[in-house]
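One letter stands for each residue in the lines below.
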Amino acid sequence: MKDVTFKILKIMINSSLRSSELSRYTNNIVTIDSLIKRNLICQHCNNYGEPIDCFSITDSGREYVRQHVVNFFSQFVSGFLVGVLTTVIAALILNWLTGII
């Protein structure tokens with residue numbers, strides 16, 4: 001399953017989005033309100049403190065994206081290494097077994 005939160009935050013790293021643009025990426029679980037409550041995005045306000053229709057990513061949101069990327073690459077590298085080691089060990093065991101027989 002795709003991480004909708006990551007997709008939204010990745011898009012917002014370079015630009016702010018309006019609610020109409022943001023709603024294209026949200027679903028029933030990941031809503032604008034849920035992202036605000038989790039402090040991943042914030043809504044801009046005008047000079048009088050009234051909210052305007054513009055949302056941007058917060059530092060917590062940037063950290064979420066960074067952690068997501070780090071986790072992906074660490075899982076990829078560890079999976080690659082385990083695959084290589086398994087292949088080498090299997091080849092060594094097969095060579096040892098064929099030497100016995």
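Along each chain, residue indices are assigned from 1 in the same order as the chain's sequence is written. Predicted model: local features are reported for residues with pLDDT of at least 70 only, side-chain atom pairs are reported and counted for 80 or more only, and whole-chain, interface and lining totals are derived from all residues. Side-chain measures were taken over the full set of non-hydrogen atoms in the model, leaving aside hydrogen atoms and water.

## Observations regarding the overall build of the protein
Here comes step 1: The helix and strand inventory of the protein stands at four helices and two strands.
Here comes step 2: Only DSSP runs of H or I reaching four residues or more are called helices, and only runs of E reaching two or more are called strands; each is numbered from the N terminus. When the helices and strands of the protein are listed from N to C terminus, the series reads α-α-α-β-β-α.
Here comes step 3: By the compact-globule yardstick of 13 Å for 101 residues, the protein is too spread out, its C-alpha radius of gyration being 23 Å.
Here comes step 4: With respect to the principal axes defined by its C-alpha atoms, the protein has extents near 85 × 25 × 20 Å.
Here comes step 5: Only protein chains enter the accessibility calculation, which uses a 1.4 Å probe. A residue is then buried if its area is under 20% of the maximum for its type, exposed if over 50%, and partly exposed in between. For the protein, the proportion of its 101 residues judged to be buried stands at 20%.
Here comes step 6: In the protein, once contacts between residues fewer than 6 apart in sequence are set aside, the share between residues at least 24 apart is 46%.
Here comes step 7: Entry remark: accessible area of the protein is about 7600 Å², with carbon and sulfur atoms responsible for 62%.
Here comes step 8: Only four residue types enter the charge count: Lys and Arg as positive, Asp and Glu as negative, with His and the chain ends excluded. Here the site of a charge means atom NZ of a Lys, CZ of an Arg, CG of an Asp or CD of a Glu. Distance from the positive charge centre (9 side chains) to the negative charge centre (7 side chains) of the protein: 8 Å. It is over C-alpha atoms that the radius of gyration is taken, and the globule rule equals 2.2 Å times the number of residues to the power 0.38. Contacts are residue-level and defined by heavy atoms, with any inter-residue pair within 4.5 Å sufficient. Residue exposure ignores everything except the shown protein chains as possible cover, and the areas themselves are Shrake-Rupley values with a 1.4 Å probe.

## Remarks on the pairing of strand E2 (residues 51-57)
Working note: regular strand, side chains alternate between the two faces of the sheet.
Here comes step 1: Summarising the sheet, strand E1 (residues 41-45) and E2 pair through four bridges and their orientation is antiparallel. When the sheet's bridge partners are listed, Cys 45 is paired in E2 with Pro 51.
Here comes step 2: Remark: five residues form the turn of the hairpin made by E1 and E2, two consecutive strands paired antiparallel; Gly 49 in that turn has positive phi of roughly 85°. If DSSP finds at least two bridges between two strands, the strands pair.

## Digging into the pattern of salt bridges
Here comes step 1: Salt-bridge detection follows one rule: a side-chain nitrogen of Lys or Arg within 4 Å of a carboxyl oxygen of Asp or Glu. According to the stated counting rule, one finds one salt bridge in the structure shown.
Here comes step 2: Linking Glu 63 and Arg 66 is a salt bridge whose minimum nitrogen-to-oxygen distance equals 2.8 Å. Highlighted residues: Glu 63 and Arg 66, both in helix H4 (residues 59-100), separated by three residues, approximately one helical turn.
Here comes step 3: Assessed through its relative accessible area of 35%, Glu 63 is described here as partly exposed.
Here comes step 4: With relative accessibility at 43%, the residue Arg 66 sits in the partly exposed group.

## Looking at the environment of Leu 22
Here comes step 1: Inspection of the secondary structure assignment puts Leu 22 in helix H2 (residues 19-22).
Here comes step 2: Leu 22 sits 39 residues away from Gly 61 along the chain, and the two C-alpha atoms are 15 Å apart.
Here comes step 3: Excluding residues within four positions of it along the chain, Leu 22 makes contact with Ile 8, Met 12, Leu 17, Ile 32, Ile 41 and Phe 55.

## Regarding unusual backbone geometry
Here comes step 1: The phi angle at Asn 39 is positive, at roughly 60°, despite the residue not being glycine.
Here comes step 2: Residue Asn 39 is classed as partly exposed on the basis of its relative accessible area of 42%.

## Regarding the nonpolar core
Here comes step 1: Ile 8, Leu 9, Met 12, Leu 22, Leu 35, Ile 41 and Phe 55 are the most contacted members of the largest nonpolar core, which totals 15 residues.
Here comes step 2: Of all the secondary-structure elements, those providing two or more residues to this core are helix H1 (4-12), helix H3 (32-37) and E2.
Here comes step 3: Looking at this core, the element that brings in the most residues is H1, giving five residues.
Here comes step 4: Setting aside chain neighbours within four positions, we find Ile 8 in contact with Leu 22, Tyr 25, Thr 26, Val 30 and Leu 35. In these notes, a set of buried Ala, Val, Leu, Ile, Met, Phe, Trp, Tyr and Cys residues joined through side-chain atoms within 4.5 Å is what counts as a nonpolar core.

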